[in-house]
Amino acid sequence: MLSAKSAEVIEATLPVVGAAIGDITPRFYDRLFAAHPELLRDLFNRGNQANGTQRQALAGSIAAFASALVAHPDQRPDAMLARIAHKHVSVGIADDQYKIVHEHLFAAIVEVLGEAVTPEVAAAWDEVYWLMANALMAVENRLRTEAAAGGDPDDLWRPYTVVARHQETETVTGYLVRPADGRPVPASRPGQYVSVRTELPDGARQIRQYSLSGRADGALRFSVKREPGGEVSGHLHDHLRAGDTVELSAPMGDVLLADGDGPVLLASAGIGNTPMTAMLDHLAATGSTRRIVSVHGDRNQLDHAFRADLARLTAELPNATAHVFYEQPLGEWPAERTGLVDLASVEVPAGTTAYLCGPLPFLRAVREQLLTAGVPAADIHYEVFGPDLWLGA
Ligand SMILES: Cc1cc2nc3c(=O)[nH]c(=O)nc-3n(C[C@H](O)[C@H](O)[C@H](O)COP(=O)(O)OP(=O)(O)OC[C@H]3O[C@@H](n4cnc5c(N)ncnc54)[C@H](O)[C@@H]3O)c2cc1C
Ligand code: HEM
């Protein structure tokens, strides 16, 4: 896929570009947003821009893609592209925007590396960029067409009416929404999320993702935790009420509960249990007899969203167990389940496929524990509620 000449140049310049990527990405985003302020206002997550996570994710993914191409020039590392493509489609990236990103990314590279960017070096990195961009566009176009289900693939956003809103916990609000355009509710798979686009008081239309959290006849169900200082979660909590309209993308996301008969482990912390609840709900709805181990960590019983659903769904499933850990339990609680999630006391059946969702330190710890328990890395899948800083890792 990557020409032999470019592979050589990329290999030689990867260390320099890799070392400079921390300088290149801020310059790239500054240039991009100076030329197109509407992208920061209405497309990119300005919270992620402010805390820097999206910048790291983009830079990391290009370096990882280049390294993979150098190691295997004949293969295209498609697996790492799937997560980006799903996210891109859910926020509404259009093919022609790849030229805009290219222009500002390469200008930033030249600004940082100066004369080291000879025409030969520029051409080789150009080839990497377009291999990645074309691969992403191909996956994105397929996803868009599938998601449109006969509608317009270029018009991803659909209006929904909030038919019910309920307080899951003090900080988590659940929403049940129905399409307001008369078309059927889109298909979704357990583990997927929707993007929600909201107009904020300053006129910006910001986009955030929320995982679907279970079955809903002709409707979609999602839950939002109010983040301290969070723009969109705070706005939804304060303003989105029953009867209101909200714009949603089609369901997207590549961390999906795989079919099969083997054991499943669902591990979450905090609000990370939204996709896990959808998976458990799906298993219960299909009368699954699989061995299912649910593990969840939270601060205490009151903070634990979907606590009743976890108990109900576990009871409905013939071979399911639930193990809940509280850092600061209220009242009597077993000592071995007090503190952070620890799989040492949980039986992990042989052949388990694991799905994890929670903050990065939780993901790191549980992944380690699963590897120690003998679960192969390939059978550990995870969702992150922010830019994936593990992409390509
Ligand atoms: C695939 C996916 C699924 C998700 N599913 C769910 C779900 O089911 N439920 C759910 O509640 N959430 C979910 N999320 C998270 C959700 O999308 C939002 O990220 C979350 O609601 C916070 O958005 P916000 O606008 O409220 O916060 P933001 O305003 O975006 O802020 C996010 C964080 O950045 C910090 N920050 C903001 N500005 C700055 C600054 N200037 N400097 C430093 N730090 C700053 C904030 O304090 C906050 O901690 C999911 C995310 C993804 C990617
Ligand atoms: C080859 C080119 C590109 C690469 C390598 C790339 C890479 C990435 C990565 C790694 C993520 C984070 C995925 C995740 O973990 O969730 C992401 C998200 C995103 N990308 Fe791209 N991208 C490219 C092109 C584009 C283009 C052309 C646009 C449009 C201007 C764009 C806009 C976005 C937006 C808006 C997000 C979500 C941001 C957020 O929520 O913080 N990207 N991209």
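The structure this text deals with has already been given above.
Please read these numbers as outputs of a predicted model, since none were measured by experiment.

1. Examining the pairing of strand β6 (residues 245–248)
And then number 1: Side-chain alternation along β6 places V246 and L248 on a buried face and T245 and E247 on a face that remains uncovered.
And then number 2: Here four bridges tie strand β1 (residues 158–167) to β6, and the two strands are oriented antiparallel to one another. From the neighbouring strand, R158 faces β6, where its bridge partner is L248.
And then number 3: Direction of pairing for strand β3 (residues 193–199) relative to β6: antiparallel, over a ladder of two bridges. Bridging across to β6, V196 finds its partner in L248.

2. Remarks on the site of ligand 1
And then number 1: Neighbouring residues of ligand 1: 25 residues in total, closest Q209, Y210, K225, V232 and S233.
And then number 2: For ligand 1, an oxygen atom lies 2.8 Å from a polar atom in the backbone of V232.
And then number 3: Relative to its free-state accessible area of 980 Å², ligand 1 is covered by the protein chains to the extent of 76%.
And then number 4: The set of elements that each furnish at least two residues to the shell around ligand 1 consists of α3 (46–51), β4 (205–211), β5 (220–225) and α8 (231–239).

3. Here's the deal with the coordination of the iron atom of ligand 2
And then number 1: With respect to protein ligation, the iron atom of ligand 2 binds only H88 (NE2), at 2.1 Å.
And then number 2: Within the fold, H88 resides in helix α5 (residues 78–91).

4. Description of the nonpolar core
And then number 1: Among the nonpolar cores identified, the biggest contains 57 residues, and I10, F65, L105, W125, V128 and M132 are the most heavily contacted of them.
And then number 2: Secondary-structure elements contributing two or more residues to this core are α1 (4–35), α4 (53–71), α5, α6 (97–113) and α7 (119–148).
And then number 3: Per-element tally for this core: the top contributor is α7, with 13 residues.
And then number 4: What L105 contacts, discounting residues up to four positions off in sequence, is I24, F28, I62 and Y129.

5. So, the packing of α1 against α4
And then number 1: Put simply, α1 and α4 touch, their axes get as near as 9 Å, and they point 170° apart. Classified by the angle their axes make, α1 and α4 are roughly antiparallel. Residues A7, I10, E11, L14, I21, T25, P26, F28, Y29 and D30 of α1 touch α4, and the partners they reach there are Q54, R55, L58, A59, A63, A66, S67 and V70.
And then number 2: Within the contact of α1 with α4, the residues separate by chemical class into 12 nonpolar, three polar and three charged.

6. What to know about the side chain of E140
And then number 1: Assignment of secondary structure puts E140 in helix α7.
And then number 2: Setting aside its immediate chain neighbours within four residues, E140 contacts A85, H88, V89, I93 and Y98.

7. Looking at unusual backbone geometry
And then number 1: The backbone of F306 sits at a positive phi, close to 60°, despite the residue not being glycine.
And then number 2: Within the secondary structure, F306 is located in the loop between β8 (292–298) and α10 (307–316).

8. Section: the pattern of salt bridges
And then number 1: Per the stated rule, a full pass over the model turns up 17 salt bridges.
And then number 2: Residues E146 and R142 are paired through a salt bridge, measuring 3.3 Å at the closest nitrogen-oxygen approach. Of this pair, E146 and R142 both sit in helix α7, four residues apart, roughly one helical turn.
And then number 3: Among the salt bridges present, the one from R197 reaches E247, with a minimum N-O distance of 3.0 Å. Of this pair, R197 sits in strand β3 while E247 is found in strand β6, placing the two residues 50 residues apart along the sequence.
And then number 4: Here the salt bridges do not stand alone but share partners, grouping R27, R31 and E111 into one network.

9. Describing helix α9 (residues 273–285)
And then number 1: Counted at 1.5 Å a residue, the expected span for α9 with its 13 residues is 18 Å, and the 18 Å between its end C-alpha atoms agrees.
And then number 2: In this structure, the buried residues of α9 make contact with β4, β5, β7 (264–269), β8, α10 and β10 (353–357).
And then number 3: Following α9 by one or two positions, G287 has its phi on the positive side, about 60°.

10. Notes on the packing of α6 against α7
And then number 1: Look at α6 against α7: their axes get within 11 Å of each other, and the N-to-C directions meet at 155°. By the angle between their directions, the pair α6 and α7 is classed as roughly antiparallel. Between α6 and α7 lies a crossing whose hand is right-handed. Counted together, Y98, K99, V101, H102, L105 and F106 of α6 and A122, W125, D126, Y129, W130, A133, L136, M137 and E140 of α7 form the full contact between these two elements.
And then number 2: Split into classes, the residues belonging to the contact of α6 with α7 amount to 11 nonpolar, one polar and three charged.

11. A few points about the sheet that holds β3
And then number 1: Taken together, six strands build an open sheet; the order of strands is β4-β3-β6-β1-β2-β5 and the sheet is antiparallel. Where the open sheet ends on each side, the last strands, each with one partner, are β4 and β5. Looking at each pair of strands side by side, their axes are set apart by 40° on average, direction ignored.
And then number 2: The pairing of β3 with β4 spans seven bridges and is antiparallel. By the bridge assignment for β4, S195 is matched with Q209.
And then number 3: Against the sheet, α5 makes contact with β3 and β4, and its axis sits at roughly 35° relative to β3, the strand it touches most.
And then number 4: Together, β1, β2 (172–179), β3, β4 and β5 form the strand contacts of α8, whose direction differs from that of β4 by roughly 85°.

12. Points about the packing of aromatic side chains
And then number 1: Counted by the stated rule, this structure contains nine aromatic pairs.
And then number 2: Relative to F44, the ring of F33 lies with its centre 5.3 Å away and its plane at 75°, an arrangement referred to as edge-to-face. Remark: F44 occurs in the loop between α2 (37–42) and α3 and F33 occurs in helix α1; sequence separation between them is 11 residues. Here F33 and F44 have matching classes, each one buried.
And then number 3: Summarising the aromatic geometry, the rings of Y210 and F222 are spaced 6.2 Å apart at their centres and angled 25° between planes, so their arrangement reads as stacked.

What counts and how
Residues numbered from 1 in each chain as written. Chains lettered and ligands numbered in written order. Predicted model: local features only at pLDDT ≥ 70, side-chain atom pairs only at ≥ 80, totals over all residues. Heavy atoms only, no water. Buried < 20%, exposed > 50% of the residue type's maximum accessible area, 1.4 Å probe, protein only. Helix = DSSP H or I, 4+ residues; strand = E, 2+ residues; numbered from the N terminus. Pairing = 2+ DSSP bridges. Near = heavy atom within 4 Å. Polar contact = N/O pair within 3.5 Å; in protein donor to acceptor, adjacent residues only side chain to side chain. Areas by Shrake-Rupley, 256 points an atom, 1.4 Å probe, with all protein chains shown as cover. Donors = N, O, S within 2.8 Å, 3.2 Å for Na, K, Ca; no water. Core = buried A, V, L, I, M, F, W, Y, C linked by side-chain atoms within 4.5 Å. Contact = heavy atoms within 4.5 Å. Axes fitted to C-alpha atoms, helices over the stretch in contact; angles between N-to-C directions. Parallel < 35°, antiparallel > 145°, perpendicular 65-115°, else oblique. Nonpolar A, V, L, I, M, F, W, Y, C, P; charged D, E, K, R; others polar. Salt bridge = Lys/Arg side-chain N within 4 Å of Asp/Glu carboxyl O. Expected span 1.5 Å × (residues − 1). Left-handed = near helix turned anticlockwise from the far one by under 90°. Phe/Tyr/Trp six-rings, centres within 6.5 Å; stacked < 30°, edge-to-face > 60°.

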